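# What the coordinates show
In case you want the letters, here they are:
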Amino acid sequence: MSASPDPAAPPAPASEQESRDVAEAAREKKWEKESFMRSFFEGTFRLDLLHPPPSPDPDEAERGREFLAELERFVRNSIDGDTIDRDGHVPEEVLDGLRNLGAFGIKIPREYGGLGLSQLTYNRALAIVSSRCGSTGAFLSAHQSIGVPQPLTLFGTEEQKKRYLPRLASGALSAFALTEPEVGSDPANLATNARLSDDGSEWILNGEKLWCTNGPRSELMVVMARTPPREGVKARKPITAFIVETEWDGVEVAHECDFMGLKGLSNGVIRFSDVRVPLENVIWGEGQGLKLALITLNTGRLSLPAFCAAAGKGLTEVCREWASERVQWGQAIGKHDAIAQKLGRMAADTFAMEAGVELTSAMADEKTLDIRLEAAIAKMWHSETAWRVVDDALQIRGGRGYETADSLRARGERPIPVERSMRDLRINLIFEGSSEIMRLFIAREAVDTHLRVAGDMVDPRAPTGKRVTAALRGGLHYAWWYPSRWLGWGSWPRYGEFGPLAGHLRYVDRVSRRLARNIFHCMVLHGAGLEKRQAVLGRVVDIGAEAFMMTASCVHAHRMVEEDSSDRSPLELADLFCHQARRRIEGHFRELFLNDDVRTYAGARQTMDGRYRWLVDGIIPLDEEPEGVERPLVTTTKSAPERSSVPGGEESSPSPSRTMTTR
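Quick caveat, the model's predicted, so the values are computed rather than measured. Throughout, residues of each chain are indexed from 1 in the direction in which the sequence is written. Owing to the predicted nature of the model, reporting of local features is limited to residues with pLDDT of at least 70; listing and counting of side-chain atom pairs is limited to 80 or more, with chain, interface and lining totals taken over all residues. The side-chain figures draw on all heavy atoms in the structure; neither hydrogens nor water molecules are used.

Glancing now at the overall build of the protein. We count a stretch as a helix when DSSP gives it H or I for four or more residues in a row; a strand needs E for two or more, and each element gets its number in order from the N terminus. In terms of helices and strands, the protein carries 23 helices and twelve strands. We take the radius of gyration over the C-alpha atoms and set the globule estimate at 2.2 Å times the residue count to the 0.38 power. On C-alpha atoms alone, the protein measures out to a radius of gyration of 26 Å, which is about the 26 Å that the 2.2 N^0.38 rule sets for 663 residues. Each of the three principal axes of the protein carries a C-alpha extent, and together these read 75 × 70 × 65 Å. Only protein chains enter the calculation, and the probe is 1.4 Å; a residue is then buried if its accessible area is under 20% of its type maximum, exposed if over 50%, and partly exposed in between. Per-residue burial over the protein gives 52% buried out of 663 residues. Two residues qualify as a contact provided that any one of their heavy atoms is within 4.5 Å of a heavy atom in the partner residue. When contacts within the protein are restricted to residue pairs at least 6 apart in sequence, those whose partners lie at least 24 apart make up 77%.

Per-residue confidence from the predictor is given as pLDDT, running between 0 and 100. Here the protein shows a mean pLDDT of 91. Residues at 70 or above account for 93%. Every residue in residues 639-663 is under pLDDT 50, and counting partners more than four places away or in other chains gives 54 contacts.

Time to look at the side chain of Thr240. By the element assignment, Thr240 lies in strand β5 (residues 239-245). Side chain to side chain, Thr240 and Thr227 meet in a polar contact 2.9 Å long. Here Thr240 is in contact with Val223, Met224, Ala225, Thr227, Val282, Gly285, Glu286, Gly287 and Gly289, once residues within four sequence places are set aside. Counting of polar contacts relies on pairs of N or O atoms within 3.5 Å, with two restrictions inside protein: one atom must be capable of donating a hydrogen and the other of accepting it, and residues adjacent in sequence are counted only when both atoms are side-chain atoms.

This part takes up the nonpolar core. Formed by 91 residues in total, the largest nonpolar core has its most connected members in Phe41 and Phe577. A total of 15 residues in this core trace back to one element, the largest contributor, which is helix α21 (residues 534-563). Filtering out sequence-adjacent residues up to four positions away, Phe41 remains in contact with Leu373, Ile442, Ala446, Leu515, Ala516, Ile519, Val540 and Gly544. Residues Leu165, Phe176, Leu178 and Leu220 belong to the second largest nonpolar core, which totals 30 residues. Side-chain atoms within 4.5 Å are what join buried Ala, Val, Leu, Ile, Met, Phe, Trp, Tyr and Cys residues into a set we call a nonpolar core.

On to the packing of helix α20 (residues 502-526) against helix α22 (residues 569-593), then. To obtain an axis, a line is fitted to C-alpha atoms, over the contacting stretch when the element is a helix, and the angle between two such axes runs from 0 to 180 degrees between their N-to-C directions. Across the interface, α20 lies against α22 with an axial gap of 12 Å and an inter-helix angle of 15°. Between α20 and α22, the angle falls in the class roughly parallel. When the axes of α20 and α22 are compared, the crossing they make is left-handed. Packed against α20, whose contacting residues are Gly503, His504, Tyr507, Arg510, Val511, Arg514, Leu515, Asn518, His521, Cys522 and Leu525, the element α22 presents Asp575, Cys578, His579, Arg582, Ile585, Glu586, Phe589, Leu592 and Phe593 at the interface. For the contact of α20 with α22, the residue count by class is ten nonpolar, five polar and five charged. Angles below 35 degrees are treated as roughly parallel, those above 145 as roughly antiparallel, those between 65 and 115 as roughly perpendicular, and all remaining angles as oblique. With the far helix as reference, a near helix turned anticlockwise by less than a right angle produces a left-handed crossing, and one turned clockwise produces a right-handed crossing. Amino acid classes used here: Ala, Val, Leu, Ile, Met, Phe, Trp, Tyr, Cys and Pro are nonpolar; Asp, Glu, Lys and Arg are charged; the rest, including Gly, are polar.

What follows deals with the pattern of salt bridges. Criterion for a salt bridge: a side-chain nitrogen of Lys or Arg within 4 Å of a carboxyl oxygen of Asp or Glu. For the coordinates displayed, the defined rule picks out 51 salt bridges. Salt-bridge contacts for Arg99 lead to Asp96; the nearest nitrogen and oxygen are separated by 2.7 Å. Residue Arg99 and its partner Asp96 are located together in helix α5 (residues 92-101), separated by three residues, close to a single helical turn. We note that Arg99, like Asp96, is buried.

What follows deals with a nonpolar patch on the surface. On the surface, Trp614, Leu615, Val616 and Ile619 cluster together into a nonpolar patch covering about 470 Å² of accessible area. Mapped onto the secondary structure, Leu615 falls in the loop between α23 (597-608) and β11 (634-637). Patch building starts from residues that exceed 30% relative accessible area and form no salt bridge, then joins like charges within 9 Å and nonpolar side chains (Val, Leu, Ile, Met, Phe, Trp, Tyr) within 5 Å. Using a 1.4 Å probe, accessible areas were evaluated by the Shrake-Rupley method; residue-level cover was limited to the displayed protein chains.

Counting through the fold element by element, Ala502 comes out in helix α20. Ala502 gets classed as buried once you look at its relative accessible area, which sits at 3%. For Ala502 and Ser491, which are eleven residues apart along the polypeptide, the C-alpha to C-alpha distance reads 9.5 Å.

This next bit is on α5. Of all the ten residues making up α5, eight are buried; the element is thus mostly covered by neighbouring parts of the structure. For α5, the full list of buried residues reads Glu92, Val94, Leu95, Asp96, Gly97, Leu98, Arg99 and Leu101. In this structure, the buried side of α5 is in contact with α3 (58-78) and α7 (134-144). Looking one or two residues past α5, Gly102 carries a phi angle of roughly 85°, positive in sign.

Ser19, Val22 and Ala26 are the residues of helix α1 (residues 16-26) that are buried. Down the axis of α1, the buried side of the element spans an arc of 65°, and every buried residue falls inside it. On the buried face of α1, the contacting elements are α10 (289-300). By definition, the arc is the one covered by directions from the helix axis to the C-beta atoms.

DSSP bridges decide pairing: two strands pair if at least two such bridges lie between them. One ladder, built from four bridges, connects strand β2 (residues 193-196) with strand β3 (residues 202-213); its direction is antiparallel. Of the residues in β3, the one forming a bridge with Asn193 is Asn206. Connecting β2 to the next strand, β3, in antiparallel fashion are five residues, including Gly200 with a positive phi near 75°.

Of all seven residues making up β5, seven are buried, and the element is well covered by its neighbours. Of the strand pairs in this sheet, β5 and strand β8 (residues 282-283) are connected by two bridges, and their pairing is antiparallel. Each residue of the ladder has a partner; that of Ala241, found in β8, is Ile283.

This part takes up the packing of aromatic side chains. Only Phe, Tyr and Trp rings take part, Trp by its six-membered ring, and two of them pair if their centres are within 6.5 Å. Stacked means planes under 30 degrees apart, edge-to-face means over 60, and tilted covers everything else. Tallied over the entire structure, the rule returns 14 aromatic pairs. With 6.3 Å between their ring centres and 80° between their planes, Phe40 and Phe41 make a pair best called edge-to-face. Look at Phe40 and you get buried, because its relative accessible area is 1%. Ring centres 6.1 Å apart and planes at 55° place the aromatic pair Trp481 and Phe520 in the tilted group. Within this pair, whereas Trp481 is found in helix α19 (residues 464-484), its partner Phe520 is found in helix α20, the two being separated by 39 residues in sequence. One exposure class covers both Trp481 and Phe520, and it is buried. Connected via pairs of aromatic rings, a cluster forms that spans Phe36, Phe40, Phe41, Phe45, Tyr495 and Phe548. A ring is considered to have a charge above it if a Lys NZ or an Arg CZ atom is located within 6 Å of its centre and within 35 degrees of its normal. Over the face of the ring belonging to Phe441 we find Arg301, whose NZ or CZ atom lies 5.6 Å from the ring centre. Here Arg514 stacks its cationic end above the ring of Phe589, 3.8 Å away from the centre of that ring.

Within the secondary structure layout, Asp597 lies in helix α23. Judged by relative accessible area, which is 14%, Asp597 ranks as buried. Other than its neighbours up to four places away in sequence, Asp597 contacts Arg533, Ala535, Val536 and Arg539.

Here is the structure:
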């Protein structure tokens, strides 16, 4: 008789289909609330879902203003981004100051000791902090956007909330542990596991998590672990979420990571060795962990757009000043067309980023819409746009952009940290879902209606009977749906209340139907192979993203002018952005069917197979160590002081020293 498989043993690598099945099982399949972007991808422009934008609660808005004013004073006087970047550490006194303000409990309800403020206020707070120091902003974001407070608020039991939320609100740092050395965006290969103890009284957790932001200095974390299949658990490869306290036996910081940017970030490898987790520390139930993570990220992703918009504001301002003051070839450099093009684009993109943050935050607070697509689009679009903005800013500043703030300061110039901004911003294209994964996530939702109607027709695994049924169902559906995507009122005088921006909204209205038709054409052309044509799907997503940002910009500008009719400059920036976005949209439409994707893919495969190995002749490999050079032991310590004060005059318990040594 063969031995039973060990449920705690590392799983065999998942096949492509298994990985897809795990991801699909964790998807939110129901749309219980309306979604602006879901309707848009189906060919219906529902401006009424966004305009007029939701109005904030007056009481919350007033409390939020008071908090933001106190926070700004603290940040101006107490946070030094250059020193934090140089030292690679956010001082405990900075975190204590934020604790005293309640900044670690901004969104935690007041009945649990938090400030009970809105997503809009929270994002404005992140903008203030990150404009001085991205690393410090990351502490707040990792703690509240994806750390323990968010999933606990959404899915925790009342007992869990009463036990942990007051502690989190007072500043007990938390983290989110999902990524592993062999698992990035593919949770089917998760190796960290938990099994019930022999007496069934607790879970025994083992495994290792990589790139756990806040992990080395956290007190609490949400840990995703594979659990054995049990009766009543639907997931094929169950992943369960646990609340873990870092002072428990068996929790170890195995390594603290150092990155190109966000130098003060506390991020590392966390190892779990027979950690005993109480049964009551499971969040939402067995097998719900991956779905919990995805739902948490629906609003958790909104923090990164706030960071990006804040960076765009700061960079645009310093470039505006420099372009006006720096004279070359007889006039200010901003009057030279090459620089003016960059500066104009920076201003327009920054306005759009602010509009996106304000709108998505208000949508999250209103809680009447499903914003999973809007949040993913905002994260993707803002992170890529901010990278373009900082690249232009460095080019405009020239050598002073490439030079560090410390060096500029030492020789008597204004210490403008463009170089640090570039290093800090780059990770946003990877954090919380890389741009590539975001495009696939959004694309999957964009084609969802088509898959529900006719998915079996193009699924090679579907039996013949299902294919025939899907073909009949699809024929009836598309006989009505497809002609209707050619009809619509996207002409004058629709949206006339938007004045000079009305034409842009009419264009977006037409783009919605045009995009829906093209998605259908892509499905007919590529069939089941469409899921492999990720570049094509990416263009579909990019068209939708640009259209969403055009809409957000028009809505935001219209609201600003309504509040102050004497200043119509927001209309100018929105108009400029929309003109630029329209050109990008038209380019994406052209390349949906006329592109070099197949040829480029073949080139990539040939490169992987070593056909072009001669291309790298004449260099020394990047990972080759110099012979005869003994590397010294490098000891990195980023541990916080042993004790730190928290609100109320109490002191936290001593934290173990967390020192890692590497060779």
